[in-house]
Amino acid sequence: MPTVIVNNKPVEIGASERLNCIQAAERAGIEIPHYCYHHDLSVVASCRMCLVEMGDKKPDGTIAMQPKLFPGCQTPVKDGTVIVSDSQKVRDAQKATLEYLLLNHPLDCPVCDQAGECGLQDYSYEYGRGYSRLQEPKNIKPDKDYIGDQITLFTDRCIMCTRCVRFTREISGTAEMMVTSRGTHEEIDIFPGEPCNNKLAGNVVDLCPVGALCSKDFLYEQRVWWLNSKNSVCPDCSTGCSIRVDQNKDVLYRLKPRENPQAQGSFMCDEGRFGWKYIHADHRLKLPEQRADGKVVSRDWDAVLPAVRNALQDAMLRAPGKFAVVVSPWATVEEAYLLATYARKLSPTARLVLGPVRTDGEDDLYPKDVHGQPATPTRFTIRAEKCPNRRGVEAVLKQIQGSVIEFNDLLDQVVRGDVETLYVLGGDPAGWISETDAAKLDKLKLLVVQDLLASAASARAHFVLAGGAWAEKDGTFVNHKGLAQAIHRALRGPEEARPDGRILLELAERSGMFNAVSLRKEIATAVPALAGLAVGELGEFGVLVNAPAAAELQPA
Amino acid sequence: MAEFQPVLLARVGKPDSHLLETYRRDGGYEGFKKALGMAPAEVVATVKDSGLRGRGGAGFPTGLKWTFLPKDHPGPIYLAINADESEPATFNNRILMEEDPHQVLEGIAISCYAIKSKAAYIYLRYEYGRSYRVLQKAIDECYAAGIFGKNIFGSGFDLDVVLHRGAAAYICGEETGLIESLEGKRAWPRIKPPFPAIEGLFRKPTIVNNIETMACVKNILDLGGDWFKSLGVPPDPSNPRDAGSYGPKLYCISGHVNKPGCVELPMGITARQLIDEHGGGVWKGRKAKAVVPGGISMGFLSASELDTPLDFNGPGKVGCLGLGTAAITVIDDETSMVDVLFNCARFFAHESCGQCTPCREGTAWMHKILTRIRMGEGQMRDLDLLTEVAASMGIIPGTTICGLSDGAAWPIKNAIKKFRPEFEEYISTGRKTVKPAESLMAAH
């Protein structure tokens, strides 16, 4: 195995791996500071933060060092490569680079959104000199508050790493951003009349290592050190981007993509990034409701849940063959399993229906070429299927029922009078039922709607159960290619809204508290298609649900 | 020594020297015909054996560069001619292009044949309007006469020559910056490797050569490599890496001399000879305080170093970066080195492409410091700061992609080292070249 020596520490790399110094050092657990380098973008080696000393270890054991410094991002390693990133020479170069970067930087950290997660702050603290020797006035460049609908640019904070420019050229392919002027007067800008409004635009804010590109949505909302983060999965399409949910005091402030090579890579789309606003919407269902003759009888979980249970049991006595449950593809695997098993316990002939699967056009592939057509190789896909967990829900329903009933077929059955009792587990934030379709539900003798937003269906329901949004619950989403990823409860829902898993657990009178890990293990045994869930903890990157691949993909 | 007869400049100044008709009357394009009768490898060998080193500044052996092309490459292979002559005080390419364009074009044709390239791009400095018109006319003449185009002289060799007007920036003269600019992009130098000979213009193997090099190639084919080797300075036996400085060279003389101009001389002439014998001496009866040996990025020769031979090694021995473009600029003893250095720093701050952090910020910072010194607000520690900043820039310490910042830093380091007492005196006496109100802090 080829061996690279990083700061006297030998580290083995794969025989056919092509790594640069930064990656090789990372294997050794050593960080080489860098700004312009990003593993998903082309290498420009321009920031000069990652300079290292390099040499070769000869077969006789002697080490021959090169006299000059090398950019770690650009220089590949091979067997016997020696990297030194902590010598005085390297320290001096890092110190000099940071002093240069800060020469014209306004040092306005107290009012900068990036403070606390800023590459300049972190590296200055670790590698910088602590003061500037510049005595002359700094360059002042005008801020550009319209880079895009969601993006603003604080020009003078920019360190010209050009990550944003490369992103729009290489990943989105839309190439709105550019460098204008020359030398120290250089600025990032958009081409006139071409704002950065592509569907992946928000990523340039994440890529910006300093506070130059800021998200208008998050601007001045929170200091980042107040934010608590939980790993989660974007629920806005079946790509299932790994994300981080940042909240403070049960208020969600932003979503950030979390790197996951198995899911989407390093990025996420703006649809997902800004698509969470309904979580704090006024029309969230906040309290459970039991209704009789058009009036609300109770808003107390302790009364409503037993009443639901009783009403369902009564209905089973009346017509056990006319009972159906609808599980939305926004539900987690655990919820689908709890509801389906509960329904089959109530009535072995209960119909298990997959909720409406919302789709929007075709899969949107990036990068785009100059004509706006997808170019190869594809670097990012926004999928047409807008729900996060169709595969997971389908797997559960198919296992229990053998097949899946489509929602439209169910509506027909309701109209024909084949279904009298209906339990709906909703979740589609864009609304999953039209007024016309909802009118068909008037024929039902019992309608229970468990959802997070008020809808035409919840208005007609005899029981409304206020459920939780995806960010408010633990569970599992299975994406388009069968990758099961864990979502985590990052914040509490409004007022009395409860995570759906908890509601279903209590309704089914299962013992204990809702625990996604133990439920996953149970599901893995009951549903062979989801055998991969047997690991319980899905880890940072998730596992593929079909068993053989699952074990090896589980990160060590 | 007998009077040297110019070869490269032989036709300059004669009537209609830029026309194809007069050029052919003087035996023009015979060398190209001769080359077409040889195998390409033979032409490469001829140039390689002549010891020709690139005239653009770095002095890389031309024949050796040609052999770096991938063997048996299916093509296309490109020849890019660097006519972006933007080093201050350099104007030898311009004289060649305006006065004897066909000599250059013949060199290009021969080189293309040697490296099996079917297309040559001449990247011409934007500001050279007259060169553009003359060169384009000469190219048109060649197409009309069947010297360029398909199946030239019945040899089966095809050649297209394209004249491209540059993007008016110093960095466009850096070979990979030139290639980027030629591709229609911002002239940000590429990271190397891969070198252009492997992956250059349009990601194809590309050779980048200077205009004067092309003129030399033409004459080597005409007069033979032995003629070329009979001129100049052989390699220094004590330096195994020295490839020698053979051949004639165009020296540009400018600054405080009585007779500025461009002269052709064998390599190895000293700065003093150039000033006294060819430049008419320092003007107004003054003495030279400093001489720039080859474009301001090379540093300065002090008055005591004027006997340095101006070959590829000479300036390096006295602390300069190299011969550069062999454009000497004479600075008389009444001129303040602070002002000279300020001018250098202003130029490089203006011309830094802004890609690499040390160069982008360092050049501008040095300009700001020198501006402040000229305002009478300098401190002694500024000299050390300037030296430190200059030392942290460039491909020699390994902190930048291209050599621009080496060139930007060298005159600073050099001047402060060689003329430190003058800088100290300037600062300690509180002299002011400019009033603060007149000074603009911006580089533009």
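Residues numbered from 1 in each chain as written. Chains lettered and ligands numbered in written order. Predicted model: local features only at pLDDT ≥ 70, side-chain atom pairs only at ≥ 80, totals over all residues.

### A look at the domain arrangement of chain B
Residues and elements named next belong to chain B.
Reasoning step 1: Here chain B is partitioned into domain 1 (20-231), domain 2 (249-332) and domain 3 (337-438).
Reasoning step 2: Averaged C-alpha coordinates put domain 2 and domain 3 at centres separated by 22 Å.
Reasoning step 3: Between domain 2 and domain 3, the contact holds eleven residues from the first and 13 residues from the second.
Reasoning step 4: Classifying every residue of the side of domain 2 that touches domain 3 by side-chain character gives seven nonpolar, four polar and no charged. (Domains from an automatic or database assignment. Contact = placed C-beta atoms within 7 Å. Nonpolar A, V, L, I, M, F, W, Y, C, P; charged D, E, K, R; others polar.)

### Digging into the nonpolar core
Reasoning step 1: Core analysis: the biggest nonpolar cluster contains 298 residues, and Val204(A), Val325(A), Val327(A), Ala80(B), Ile81(B) and Val291(B) have the highest contact counts within it.
Reasoning step 2: Per-element tally for this core: the top contributor is helix α13 (residues 337-351) of chain B, with ten residues.
Reasoning step 3: The contact partners of Val325(A), leaving out residues within four places of it in the chain, are Leu339(A), Ala340(A), Ala343(A), Ala350(A), Leu352(A), Val353(A) and Tyr423(A). (Core = buried A, V, L, I, M, F, W, Y, C linked by C-beta atoms within 7 Å. Buried ≥ 20, exposed ≤ 12 C-beta atoms within 10 Å, placed from the backbone. Helix = DSSP H or I, 4+ residues; strand = E, 2+ residues; numbered from the N terminus.)

### Comments concerning the sheet that holds strand β20 (residues 446-451) of chain A
Strand pairs in the sheet, formed through backbone hydrogen bonds, run parallel or antiparallel to each other.
Residue and element names in this part refer to chain A.
Reasoning step 1: Reading across the sheet, the seven strands line up as β14-β13-β21-β20-β19-β15-β16 and stay open at both edges, with mixed pairing between neighbours. Strands with a single pairing partner mark the edges of an open sheet, and in this sheet they are β14 (295-298) and β16 (351-354). The average undirected angle you get between the axes of adjacent strands in this sheet is 20°.
Reasoning step 2: In this sheet, β14 lies alongside strand β13 (residues 289-292) in antiparallel orientation, the contact comprising three bridges. Bridge pairing in β14 links Arg291 to Val296.
Reasoning step 3: Most of the contacts of helix α9 (residues 390-401) go to β16, to which it runs at about 160°, and overall it touches β15 (323-327) and β16. (Pairing = 2+ DSSP bridges. Axes fitted to C-alpha atoms, helices over the stretch in contact; angles between N-to-C directions.)

### Quick look at the interface of chain B and chain A
Interface size is commonly expressed as the accessible area that is lost once the parts come together.
Reasoning step 1: Contacts between chain B and chain A engage 28 residues on the former and 26 residues on the latter.
Reasoning step 2: If you tally residues by element for the side of chain B that touches chain A, the top one is helix α14 (residues 357-377) of chain B, at ten residues.
Reasoning step 3: Of the residues contributing to the side of chain B that touches chain A, the split by class is 13 nonpolar, ten polar and five charged.

### Looking at the domain arrangement of chain A
Residues and elements named next belong to chain A.
Reasoning step 1: Segmenting chain A into domains produces domain 1 (3-86), domain 2 (100-280) and domain 3 (289-553).
Reasoning step 2: Between domain 2 and domain 3, the C-alpha centre-to-centre distance is 35 Å.
Reasoning step 3: Counting residues at the interface gives 33 residues for domain 2 and 36 residues for domain 3.
Reasoning step 4: Taken together, the elements giving at least two residues each to the side of domain 2 that touches domain 3 come down to β10 (228-233) and β11 (242-248).
Reasoning step 5: Element by element, the count of residues in the side of domain 2 that touches domain 3 is highest for β10, at four residues.
Reasoning step 6: Taken together, the residues of the side of domain 2 that touches domain 3 break down into 13 nonpolar, 14 polar and six charged.

### Digging into helix α7 (residues 301-318) of chain A
Residues and elements named next belong to chain A.
Reasoning step 1: The terminal C-alpha atoms of α7, which comprises 18 residues, lie 25 Å apart, in line with the 26 Å expected from a rise of 1.5 Å per residue.
Reasoning step 2: All of the buried residues along α7 are Val304, Val308, Leu312 and Ala315. The arc that holds the buried residues of α7, viewed along the axis, is 70°, so those residues lie on one side. In α7, the exposed positions angled more than 90 degrees off the buried face are occupied by Asp302, Asn310, Gln313, Asp314 and Leu317. (Expected span 1.5 Å × (residues − 1). Arc of directions from axis to C-beta.)

### Some points on the environment of Gly154(B)
Residue and element names in this part refer to chain B.
Reasoning step 1: Mapped onto the fold, Gly154 is located in the loop between α7 (129-144) and β3 (160-165).
Reasoning step 2: Classification of Gly154 as exposed rests on a count of 8 C-beta atoms within 10 Å.
Reasoning step 3: With 49 residues separating them along the chain, Gly154 and Arg203 place their C-alpha atoms 31 Å apart.

### A short note on the sheet that holds strand β5 (residues 81-84) of chain A
All names here are of chain A.
Reasoning step 1: With respect to topology, five strands assemble into an open sheet ordered β2-β1-β5-β3-β4, the strand pairing being mixed. The open sheet terminates on both sides in strands that have one partner only, identified here as β2 (9-12) and β4 (63-71). Ignoring strand direction, the axes of neighbouring strands in this sheet form an average angle of 25°.
Reasoning step 2: Summarising the sheet, strand β3 (residues 51-57) and β5 pair through four bridges and their orientation is antiparallel. From the neighbouring strand, Asp56 faces β5, where its bridge partner is Thr81.
Reasoning step 3: Lying over the sheet, helix α2 (residues 88-103) contacts β3, β4 and β5, oriented at roughly 155° with respect to β3.

### Quick word on the confidence of the model for chain B
Reasoning step 1: Looking at chain B as a whole, the pLDDT averages 92, with 97% of positions reaching at least 70.
Reasoning step 2: Here the prediction assigns the complex a pTM of 0.93, and the interface score ipTM is 0.91. (pLDDT = per-residue confidence, 0-100.)

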